[in-house]
Protein chains: 2
Amino acid sequence: MKAPNDIMRRVRDEARRRGVRWTTQRQAIVETFISADEHITVEDLHHRVRAIDRTISAATVYRTVNMLVEMGVATKRHFGSGSATFECEVNKEHHDHLVCTSCGKIIEFHNDAIEDLQVTVAREHGFVISYHRMELYGSCVDCQKQTGAAEA
Amino acid sequence: MKAPNDIMRRVRDEARRRGVRWTTQRQAIVETFISADEHITVEDLHHRVRAIDRTISAATVYRTVNMLVEMGVATKRHFGSGSATFECEVNKEHHDHLVCTSCGKIIEFHNDAIEDLQVTVAREHGFVISYHRMELYGSCVDCQKQTGAAEA
DNA sequence: ATGGATGCAAAGTATTTGCAACCTG
DNA sequence: CAGGTTGCAAATACTTTGCATCCAT
C-alpha cells in the first residue's frame, strides 16, 4: 500500500507526461479520490470535493475521473443500476467483489485458489490473462434475515 | 438446453402464478428474447420485436425485461458503458467469458471448481450467491503470435 | 501568449413513469 | 367488469459537450 503522496506524485507525473495540465481542481479531485479508498460515485466525489473548493463543477469531476481511468489509475464499474462507481487501482491490492443485490453493500475479497484456477482455465484455451473482473451477486447476512421474515 | 416452448411455458406459468397478465406484447417480447440466445440490449430487442408487432413501445420492452429479471428468468448486465444488456438464464448453461483484448474474441467457459470456490468464499462472508459475473481478459493464441512479431 | 481546462447550461443517452385508453382474466 | 397493461410523452437520472473565459506552462 503506497502512501497517498506517492500516488499523487505518480498521477501528476503521468499527467505531465501526457501533456495534461495540473490544475488546482485536478489536485483537489485526485487528492479526494485517493483518500476515499472505496468505491465512489461521481456525485459523492463531487460532494466531498466541494468541501475543498466550492466552485468545482460536476462536469470537471466527470472529466477528471475519466482521465484517471484513461491513465489506468482508476477503474469504472457498474454495480447493478444507478451511477457508475470509480475506484483507485493504485493504492490497493487486487481484489474482487461481493455485491448484495438487496442493499447494495459491497465486500471486497481475494482468493488465490480462484485466481490460480482462472489462469489454468485460460491457459487451457490458449489465453494469457492480463486482468480479470469477478463479481458475485447475492444476499448479505442482514438482507437474508429481512427477506426471510418479510416475504409474503 | 430446453426447447423454447418449454421456456415460454415456464415463464408464462410463473407470470400467472404472480397474477401477471399474459398479453400479446409480453408473448412477443419474451418469445423474441428467448430466441436471441445472447446478450441483448433493450434497443435491440425492441427492434426485433417490432418485426412481430410494429406498435410495441420501448417502454413495454423495458417493463417486460425488468419483469423477467424480477422473475429470475433474465439477467441484466452492464458491459462497460452504454446500455445494459439482458440475457436469458433459462435456455443456456451458465458460463463465464474469456475476452481477448486484442481482437475482441470471446470464448465461453465453465469451471466447476471455480464456481464451488465462489460459493465458499461468499459463504465465508455470510453471502448467499444468486449469480455472478466473471470475465477474464487477456491475449488469445492468435494474438499472442502477432504481438510477438508486430509490437512497435 | 497559447491552447488546454473550467463552469455553466444545454444536449445526449438510458430508463422510468403519469395517464387515459385498452384488454386479460 | 376491474384493474393490470399499454403507448405516448414527459420526466428522471446520469453523463457528455459547446462555448466563452480562465489559467498553467
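Since the model is a prediction, treat every value here as computed from it, not as a measurement. (Residues numbered from 1 in each chain as written. Chains lettered and ligands numbered in written order. Predicted model: local features only at pLDDT ≥ 70, side-chain atom pairs only at ≥ 80, totals over all residues. Heavy atoms only, no water.)

Caption draft 1: Expanded view of the pattern of salt bridges. All names here are of chain A. Applying the stated rule across the entire model yields 13 salt bridges over all chains. In this structure, arginine 9 engages aspartate 6 in a salt bridge whose closest nitrogen and oxygen atoms are separated by 3.3 Å. With a gap of three residues between them, arginine 9 and aspartate 6 both fall in helix 1 (residues 4-17), about one helical turn apart. Judged by relative accessible area, arginine 9 falls into the partly exposed class, the value being 42%. (Salt bridge = Lys/Arg side-chain N within 4 Å of Asp/Glu carboxyl O. Helix = DSSP H or I, 4+ residues; strand = E, 2+ residues; numbered from the N terminus. Buried < 20%, exposed > 50% of the residue type's maximum accessible area, 1.4 Å probe, protein only.)

Caption draft 2: Summary view of the protein's contact with DNA strand D. Within the structure, DNA strand D sits among 19 residues, and A:Tyr62, B:Arg21, B:Arg26, B:Ser57 and B:Thr60 are positioned closest to it. Here the atoms of DNA strand D within 4 Å of the protein split so that 65% fall in sugar or phosphate, with bases taking the remainder. One nitrogen or oxygen atom from the side chain of B:Thr23 is found 3.1 Å from a phosphate oxygen belonging to DNA strand D. Taken together, the elements giving at least two residues each to the surface near DNA strand D come down to helix 4 (58-70) of chain A together with helix 2 (24-35) and helix 4 (58-70) of chain B. Counting residues per element, the surface near DNA strand D draws most heavily on helix 4 of chain A, which supplies four residues. Across the surface near DNA strand D, the residue classes tally to seven nonpolar, seven polar and five charged. (Near = heavy atom within 4 Å. Polar contact = N/O pair within 3.5 Å; in protein donor to acceptor, adjacent residues only side chain to side chain. Nonpolar A, V, L, I, M, F, W, Y, C, P; charged D, E, K, R; others polar.)

Caption draft 3: Spatial organisation of the environment of A:Val61. Examined against the element boundaries, A:Val61 turns out to sit in helix 4. C-alpha separation for the pair A:Val61 and A:Ser102, spaced 41 residues apart in sequence, amounts to 28 Å.

Caption draft 4: Main features of the relation of the copies chain B and chain A. Mapping chain B onto chain A calls for a rotation angle of 176° and an axial translation of 0.6 Å; the resulting RMSD is 2.4 Å. Interpreted geometrically, this transformation is the action of a two-fold axis. When you check the interface residues of chain B against chain A, 100% turn up at the interface there too, and the contact is symmetric in its surfaces. (Least-squares fit on C-alpha atoms with pLDDT ≥ 70 in both. Contact = heavy atoms within 4.5 Å.)

Caption draft 5: Representation of the protein's contact with DNA strand C within the structure. Near DNA strand C there are 19 residues, and of these A:Arg21, A:Arg26, A:Ser57, A:Thr60 and A:Arg63 occur at the shortest range. Sugar and phosphate atoms represent 66% of those atoms of DNA strand C found within 4 Å of the protein. Taking A:Arg21, its side chain carries an N or O atom lying 2.2 Å from a base nitrogen of DNA strand C. When residues of the surface near DNA strand C are assigned to their parent elements, the largest contribution, four residues, is made by helix 4 of chain B. A per-class count over the surface near DNA strand C returns seven nonpolar, seven polar and five charged.

Caption draft 6: Up close: the domain arrangement of chain A. Residue and element names in this part refer to chain A. On domain assignment, one finds that chain A holds domain 1 (4-88) and domain 2 (96-147). For domain 1 and domain 2, the distance between their C-alpha centroids amounts to 25 Å. Contacts between domain 1 and domain 2 engage seven residues on the former and seven residues on the latter. Summed over both sides, the interface between domain 1 and domain 2 buries roughly 550 Å², with carbon and sulfur atoms accounting for 54% of that surface. Looking at the side of domain 1 facing domain 2, the largest losses of area belong to His39, Arg77 and Phe79, adding up to 71% of the total buried there. For the interface between domain 1 and domain 2, the tally reads one salt bridge. Across the pair arginine 77 and glutamate 135 runs a salt bridge, and its minimum N-O distance is 3.8 Å. One can count one residue pair in polar contact (both at pLDDT 80 or more) joining domain 1 with domain 2. Per-element tally for the side of domain 1 that touches domain 2: the top contributor is strand 2 (residues 74-77), with three residues. Residues of the side of domain 1 that touches domain 2, tallied by class, amount to one nonpolar, three polar and three charged. (Domains from an automatic or database assignment. Buried area = accessible area lost by both parts, 1.4 Å probe.)

Caption draft 7: Seen up close, the packing of aromatic side chains. Across all of its chains, the model carries two aromatic pairs over all chains by this definition. Residues A:Tyr137 and B:Tyr131 carry aromatic rings whose centres are separated by 4.8 Å and whose planes lie at 10° to one another, so their mutual orientation is stacked. Of this pair, A:Tyr137 sits in strand 6 (residues 128-139) while B:Tyr131 sits in strand 6 (residues 128-139), which puts the two residues in different chains. (Phe/Tyr/Trp six-rings, centres within 6.5 Å; stacked < 30°, edge-to-face > 60°.)

Caption draft 8: Up close: the sheet that holds strand 2 (residues 74-77) of chain B. All names here are of chain B. Pairing is antiparallel across the open sheet formed by three strands, whose spatial order is 1-3-2. The sheet terminates laterally at strand 1 (40-41) and strand 2, the two strands that pair on one side only. Sheet topology places strand 1 next to strand 3 (residues 85-88); two bridges connect them, and they run antiparallel. Directly across from isoleucine 40, in strand 3, lies its bridge partner phenylalanine 86. Taken strand by strand, helix 2 contacts strand 1, strand 2 and strand 3, and its axis lies near 80° from that of strand 3. Contacting strand 2 and strand 3, helix 4 runs over the sheet at an angle of about 110° to strand 2. (Pairing = 2+ DSSP bridges. Axes fitted to C-alpha atoms, helices over the stretch in contact; angles between N-to-C directions.)

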